[in-house]
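# Structure at a glance
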Amino acid sequence: MPILGQNQYGKAENRVVRITRDGATHHIKDLNVSVALSGDMEEVHYSGSNANVLPTDTTKNTVYAFAKEHGIESAEQFGIHLARHFVTSQEPIRTARIRVEEYSWERIGTPGEDEHSFVRQGQETRLTQITYDGSSWEVVSGLKDLTVMNSTNSEFWGYVKDKYTTLPEAYDRILATEVSSRWRFNWSDDEQEMPDWETSYEQVKEHMLRAFAETYSLSLQQTLYAMGSRIIENRAEIDEVRFSLPNKHHFLVDLEPFGLKNDNEVYFAADRPYGLIEATVLRDGVEPRIPVDLTNL
């Protein structure tokens, strides 16, 4: 007889916007929350009995109720509230996984003039995944769609060449990528002091960007390692960082047919095919736990 393997259920992509009104000054948290629950759920698969099943509609309602009851201090804190609730309030549920995307808004106008009008920021999407099994936590945060570019201070040469190699060596090139990254916190139980999630996110992003800007790059791999190393060295709450960096190629356009010299001024931006550079940077002595394929996280 076939046996049931890993299983989970929940409500995916619950969009919740929380407005906090501080007099005339308003604050926005805009989240996309997905809930996945697992535990004693064999019977619903084998016989169809729903005796241990909390409806997915209830999990959706909980997201909205918690936005009111607890507010949204940060994506991580909100996910922690939800995960703790599902595991501690429903005996059949052993593990809760909460995934959150956060979309940023900035104010229109200057302070004191307009405190309730916003424009959606387009830099990146903030991410977090909270997993709780009743005794221990795993918090993996990150970002995606953060596009960065260095217009110089990047080279690529000295690589292996065979009969299929046509790429010319470059001693001054554009280096651009769209950063997708996840980082794992070493906070894992309620006895530990919880990180300041908002400060941590801003600092990780800042170190990531500074490393990208300040590294004279001989390869995107070298830049990736510099970005991860700077985070590990400066943020004690983080043990592991993984990057997926597509190389957004910029090729010099041949202007000689028009009698023009292209002195590193005019480029063709190619969106595909693209080189894809991926790696994990770890604190010494730490075992990797972030999945190799970030699409599964």
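Each remark here, short or long, concerns the structure printed above.
The structure reproduced in this document is the subject of the present report. (Residues numbered from 1 in each chain as written. Predicted model: local features only at pLDDT ≥ 70, side-chain atom pairs only at ≥ 80, totals over all residues. Heavy atoms only, no water.)

## Focus: the packing of helix α4 (residues 197-214) against helix α5 (residues 220-234)
We count it as follows: Between N-to-C directions, angles span 0 to 180 degrees; the directions come from axes that are lines fitted to C-alpha atoms, helices contributing only their stretch in contact. The numbering of helices and of strands both runs from the N terminus, where a helix is a DSSP run of H or I of at least 4 residues and a strand a run of E of at least 2. Here roughly perpendicular refers to angles of 65 to 115 degrees, roughly parallel to angles under 35, roughly antiparallel to angles over 145, and oblique to all remaining angles. Put simply, a crossing is left-handed when the front helix is turned counterclockwise from the back one by less than a right angle, and right-handed when it is turned clockwise. In this analysis, two residues are considered to be in contact whenever any of their non-hydrogen atoms come within 4.5 Å of each other. Each residue is assigned to one of three groups, with Ala, Val, Leu, Ile, Met, Phe, Trp, Tyr, Cys and Pro labelled nonpolar, Asp, Glu, Lys and Arg labelled charged, and all others, Gly among them, labelled polar.
It is at 8 Å that the axes of α4 and α5 come closest, and there the two elements cross at 140 degrees. As judged from the angle between their axes, α4 and α5 are oblique. Judged by the twist between their axes, the crossing of α4 over α5 is right-handed. Each of Val204, His207, Met208, Arg210, Ala211, Phe212 and Glu214 in α4 lies in contact with α5, whose residues at this interface are Thr223, Ala226, Met227, Arg230, Ile231 and Asn234. Each residue belonging to the contact of α4 with α5 can be placed in one class, and the counts come to 7 nonpolar, 3 polar and 3 charged.

## Points about the environment of Lys248
Inclusion rule: Three labels apply to residues, based on accessible area from a 1.4 Å probe with only protein chains included: buried if under 20% of the type maximum, exposed if over 50%, partly exposed otherwise in between.
Counting through the fold element by element, Lys248 comes out in the loop between β9 (238-247) and β10 (250-252). What makes Lys248 partly exposed here is its relative accessible area of 30%. Note: C-alpha distance between Lys248 and Ile174 (74 residues apart in sequence) is 9.1 Å. Once residues lying within four places of it in the same chain are set aside, the contact partners of Lys248 are Thr147, Ala176, Thr177 and Glu178.

## Concerning the sheet that holds strand β2 (residues 25-39)
Here is the rule we go by: Any two strands are treated as partners once DSSP identifies two or more bridges connecting them.
The sheet built from 8 strands is open, its strands ordered β1-β2-β3-β6-β7-β8-β9-β12 with antiparallel pairing. Of all the strands in the sheet, the pair left with one neighbour each is β1 (14-22) and β12 (275-282). Averaged over all adjacent pairs, the angle separating strand axes in this sheet is 20 degrees, with direction ignored. Two strands pair when backbone bridges link them, and strand β7 (residues 137-150) and strand β8 (residues 175-185) are joined in this way by 9 bridges, in the antiparallel orientation. Looking at the pairing, Ser141 lines up with Trp183 of β8. In this fold helix α3 (residues 75-89) packs onto β2, β3 (93-103), β6 (125-132) and β7, with an angle of close to 160 degrees to the strand it touches most, β3. The sheet contacts of α5 involve β8, β9 and β12, and relative to β9 the element is tilted by about 155 degrees.

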